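Structural characterization, general
So you can see what is in the structure, the chains are spelled out below.
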Amino acid sequence: GGGDDGGGDGGGDTQPRRPLSVDDLEYVHARFDNGTAVTRKQWLAFWKIFEETLRKVRFAKHLCDMWTDGLLLGFISRPDADALLRTEVSGSFVVRFSESSAGGCVISFTYDEDGRKHIKHYLVQPHDTSTRKSLAEFLRAHPRLAYIIQTSVGDDARRQLTRVLKDAALAKYYSKKKLTQQPAHYD
């Protein structure tokens with residue numbers, strides 16, 4: 001014994017710093033809830049995506065800490081992200097795990113155009129981040145993304161969501177120098 005369970009500061013606490021919420025578990029359940037037995041093909045497809053997502057969160061720069069801090073909403077479907085963002089102000093966004101690209105992250109965000117609210121989903125591309133440019137730096141470079149939706153797990157084991165200014169929430173993940181080149185617009 002005596003080893004850290006990965007969920008705390010090594011002091012032997014048994015509670016993870018960010019447990020999975022009931023909402024996270026419902027997402028996983030919904031991936032298989034087709035009224036019949038789970039096929040081997042479904043099982044393998046799920047584990048391919050799930051394994052790569054866990055690997056990326058564990059080893060990509062800042063992602064594990066961002067997950068622990070609730071800055072990666074994580075397990076939420078595109079329709080559920082749409083429903084969540086419909087009630088948010090323009091410039092609000094969530095970072096969620098891709099449902100189709102193993103290990104990928106999607107930025108779902110809302111913006112106003114022509115007097116109407118729109119929601120877009122952007123799959124973060126491999127060239128968007130690197131060993132020198134974290135996901136936080138990528139988000140920093142996009143002024144359209146103003147408010148990150150931060151999650152925590154409440155006493156009822158459900159997600160508790162809070163809208164936070166992006167720069168306040170991500171400041172500790174930013175490099176010391178501000179990026180001078182603005183990235184190209186994306187849809």
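Described below are features of the structure shown in this document. Computed from a predicted model, the values in this text were never measured in an experiment.

At their nearest, the axes of helix H1 (residues 22–32) and helix H2 (residues 40–59) sit 10 Å apart, and the two run at 145° to each other. In contact with Val28, Arg31 and Phe32 of H1, H2 contributes Gln42, Trp43 and Phe46. Residues belonging to the contact of H1 with H2 are distributed by class as follows: 4 nonpolar, 1 polar and 1 charged.

Counting buried residues along strand E2 (residues 105–113), 7 of its 9 residues qualify, which places the element largely inside the surrounding structure. Both strand E1 (residues 92–97) and E2 contribute to a ladder of 5 bridges, which runs antiparallel. From the neighbouring strand, arginine 96 faces E2, where its bridge partner is valine 106. In the sheet, E2 pairs with strand E3 (residues 116–123) via 8 bridges, with the strands oriented antiparallel.

The subject of this paragraph is the nonpolar core. Counting 31 residues, the largest nonpolar core has Met66, Leu72, Phe93, Ile107, Leu135 and Leu139 as the members making the most contacts within it. Breaking this core down by element, the ones donating at least two residues are H1, H2, helix H3 (63–68), E1, E2, helix H5 (135–140) and helix H6 (166–170). Apart from residues no more than four positions distant in its own chain, isoleucine 107 is found in contact with Phe93, Val94, Lys120, His121, Tyr122, Val124, Phe138, Leu139 and Leu145. One finds Ile76, Leu85, Val94 and Ile149 within the second-largest nonpolar core, a separate group that totals 7 residues.

How each quantity is defined
Residues numbered from 1 in each chain as written. Predicted model: local features only at pLDDT ≥ 70, side-chain atom pairs only at ≥ 80, totals over all residues. Heavy atoms only, no water. Axes fitted to C-alpha atoms, helices over the stretch in contact; angles between N-to-C directions. Helix = DSSP H or I, 4+ residues; strand = E, 2+ residues; numbered from the N terminus. Contact = heavy atoms within 4.5 Å. Nonpolar A, V, L, I, M, F, W, Y, C, P; charged D, E, K, R; others polar. Buried < 20%, exposed > 50% of the residue type's maximum accessible area, 1.4 Å probe, protein only. Pairing = 2+ DSSP bridges. Core = buried A, V, L, I, M, F, W, Y, C linked by side-chain atoms within 4.5 Å.

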